[in-house]
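Residue strings, one per chain:
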Amino acid sequence: GALSLDKVESHPQEDLSAYHGIMVFAECRHGILAPVTHELLGIGRKLADQRGAGLAVVVLGEGLDRYAPALIASGADTVLLVQHKALAQFQEDIYARLLARIIRERKPEVVLAGATAIGCSVVPYVATLLGTGLTADCTGLSIREEDGLLLQTRPAFGGNIMATIECPNTRPQMATVRPKVMTPAEPDPSRKGEVLQIVPTDDEVQSAATVLESVQSAGDQVNIQEVEALVAGGRGLGSEKGFALLRELADELNASVAASRAAVDAGWIPYPHQVGQTGKTVCPKLYVACGISGAVQHTVGMQSSKVVVAINRDPEAPIFNVASYGLVGDLYEIIPELTRQLREA
Ligand code: FAD
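Here the structure is a predicted model, which is why all the values come from computation and not from measurement.

A. Highlighting the overall build of the protein chain. In terms of regular secondary structure, the protein chain is built from eight helices and 17 strands. Taken over 345 residues, the protein chain has a buried fraction of 50%. Put simply, 65% of the contacts in the protein chain that link residues at least 6 apart link residues at least 24 apart. Accessible area for the protein chain stands at about 16600 Å²; split by element, carbon and sulfur atoms hold 52% of it.

Pasting the structure below:
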C-alpha cells in the first residue's frame, strides 16, 4: 500500500565515506522506553568508540523530553527527539518516512534498532526507502579493524550455524538486534550530550492507515524477557495441567512460567511464553527446564541463563548438556517435592 507511493532510491555510486557515526532507534511504546534501548546504547557506544565517532539516538513520540537524561547517561552523544501528537502511537509508514529523512540528513554509518515487533516492522521499511541492506535479529555486532565494516552475526539454518553478514556497498549498515543479548549500558549520570528537537511537518505525519485501537494481548502482561527466574515446561508435562504444577514451583521461586514450542503448539500455554529460535531469547538468573528435551531451537533461546536446572527422565536428553544442575527422574515426582521443600525452607 503506502510503500508503493514512496520512491525507492538506490545509490550505488554514492560516496560511502560521507557516512559517520552510529545511530540507535529508541522505541517508545505507551510512553515507556523499550528495555532493549539500553542494550542498543551499550553496543552502540562500543562501536562508536571503535570507530572514533559519535552515538546518536532517535526517539519518536510525544512528551519525550524526560527521557533525554537517561539516554545521555547510557552513552548517547546526541539525542534526537522527534515530537508530534501524531507520533504518540506507532504508525509504521509515518515512523519509517521520518526515520529515513533523518538518516538521509545525518548520514550515520550504522543504524541499530531492537528486533522487537515495532523494530521488525519499521526498520525493513526504512532500509527499503534508503536502498540499503538490513540484517535482522543479530546476536553479535563488531567492527572489522582492516576496513571498519560492521560484522553482523545472527543464527542461520535453524540455529545450526552462525552467519556473519556484511553490507559493503551501501550505507547505512542497518541491523535489528535481538533483545536480551547485548549487555545494557552502565548509566553514568555525569555524561554530557546534546538534545535536538525535530518537528515533523504536517505532511510528514499523514498516514495511509488509521489506527482504531491498540490492545495489549493478555499473554504479554508478563514479559518473560524481563524476569529474574523462569520455570519452563515442555512436551514432557503431558498436558495443560502440568503447567499448574509449574506455577506452584514458580510461585516459590518468584519466577514466571515459560515453555518450549511443543507445549505452545499443543495449546497448553500462549505463544508469548515461548522460548527459542521462533520465540523469545531469555537470560534470567535461574532457568528451570522441566520435561524439555533441549533441541537446539530451544537452547539458543535460553543457554545464556546464569543457572540452568534441568528435570528430565531421560538421562541422555541434550538439555543436560547446557544444565548447571540435572535431576533425572519423573517431573511429576520431582516438582511437587521441590515445591514442598522450598515452601518449608
Ligand atoms: P520433546 O522434544 O518431545 O521433549 C520432551 C522431553 O520431556 C523429553 O526429553 C522426555 O524425556 C521428557 N519427559 C517426558 N515425560 C517426562 C516426565 N514425566 N518427567 C520428566 N521428563 C519427561 N522449539 C522451541 O522450544 N522453541 C522454538 O522457538 C523453536 N523454534 C523452532 C523453529 C524451527 C524452524 C524448527 C524446525 C523447530 C523449532 N522448535 C522450537 C522445535 C524444536 O525442534 C523441538 O521440537 C522442541 O523444542 C521440542 O520441545 P520439547 O523439548 O518440549 O519436547
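B. Looking closely at the pairing of strand S11 (residues 173-177). In terms of burial, S11 is largely enclosed, as five of its five residues are buried. Across the two faces of S11 the burial is the same, with Gln173, Ala175 and Val177 and Met174 and Thr176 all buried. In terms of strand pairing, strand S6 (residues 110-114) meets S11 through five bridges, oriented parallel. Looking across to S11, one finds that Gly114 is bridged to Val177.

C. Structural view of the packing of helix H3 (residues 92-106) against helix H4 (residues 117-130). Running from N to C, H3 and H4 point in directions that differ by 50°, and their axes come no closer than 9 Å. What the angle tells us is that H3 and H4 run oblique. Judged by the sense of rotation from one axis to the other, the crossing of H3 with H4 is right-handed. Facing Glu92, Asp93, Tyr95, Ala96, Arg97, Leu99, Ala100, Ile103 and Arg104 of H3, the residues of H4 in contact are Ser121, Val122, Tyr125, Val126, Leu129 and Leu130.

D. Molecular detail of helix H8 (residues 331-344). A rise of 1.5 Å per residue sets the reference length of H8, with its 14 residues, at 20 Å; its end C-alpha atoms lie 20 Å apart and thus fit the reference within 8%. For H8, the complete set of buried residues consists of Leu331, Ile334, Ile335 and Thr339. Projected down its long axis, H8 shows its buried positions confined to an angular sector of 125°, all on one face. Seen from the open side of H8, the exposed residues pointing more than 90 degrees away from its buried face are Glu333 and Glu344. For H8, the N-terminal cap is Asp330; the gap from its side-chain oxygen to the backbone nitrogen of Tyr332 is 2.8 Å.

E. Region of the structure containing the packing of aromatic side chains. Using the criterion set out here, one finds one aromatic pair in the structure. Both rings, one in Phe90 and one in Tyr95, keep their centres 5.0 Å apart while their planes meet at 85°; by these two values the pair is edge-to-face. Since its relative accessible area comes to 3%, Tyr95 is described here as buried.

F. Main features of the site of the ligand. Taken together, 24 residues surround the ligand, and among them Arg235, Ser260, Thr278, Ser293 and Asn312 come closest. In the environment of the ligand, an oxygen atom lies 2.7 Å from a nitrogen or oxygen atom belonging to the side chain of Arg235. Gly236 places a main-chain nitrogen or oxygen 3.5 Å from a nitrogen atom of the ligand. Surface burial for the ligand is 77%, taken as the share of its 980 Å² of free accessible area covered by protein chains.

G. Expanded view of the confidence of the model for the protein chain. Within the protein chain, residue pLDDT values average 92, and 94% of them lie at 70 or more. This stretch, residues 1-8, has a pLDDT under 50; its non-local contacts, to residues over four places away or in other chains, come to eleven contacts. The complex prediction reports pTM at 0.69, with the ipTM value standing at 0.99.

H. Structural view of the sheet that holds S11. A sheet is described by the order of its strands in space; here seven strands give the open sequence S7-S11-S6-S1-S4-S5-S12, paired in parallel fashion. Of all the strands in the sheet, the pair left with one neighbour each is strand S7 (134-138) and strand S12 (194-198). The average undirected angle you get between the axes of adjacent strands in this sheet is 20°. In the sheet, strand S1 (residues 22-26) pairs with S6 via three bridges, with the strands oriented parallel.

Thresholds applied
Residues numbered from 1 in each chain as written. Predicted model: local features only at pLDDT ≥ 70, side-chain atom pairs only at ≥ 80, totals over all residues. Heavy atoms only, no water. Helix = DSSP H or I, 4+ residues; strand = E, 2+ residues; numbered from the N terminus. Buried < 20%, exposed > 50% of the residue type's maximum accessible area, 1.4 Å probe, protein only. Contact = heavy atoms within 4.5 Å. Areas by Shrake-Rupley, 256 points an atom, 1.4 Å probe, with all protein chains shown as cover. Pairing = 2+ DSSP bridges. Axes fitted to C-alpha atoms, helices over the stretch in contact; angles between N-to-C directions. Parallel < 35°, antiparallel > 145°, perpendicular 65-115°, else oblique. Left-handed = near helix turned anticlockwise from the far one by under 90°. Expected span 1.5 Å × (residues − 1). Arc of directions from axis to C-beta. Polar contact = N/O pair within 3.5 Å; in protein donor to acceptor, adjacent residues only side chain to side chain. Phe/Tyr/Trp six-rings, centres within 6.5 Å; stacked < 30°, edge-to-face > 60°. Near = heavy atom within 4 Å. pLDDT = per-residue confidence, 0-100.

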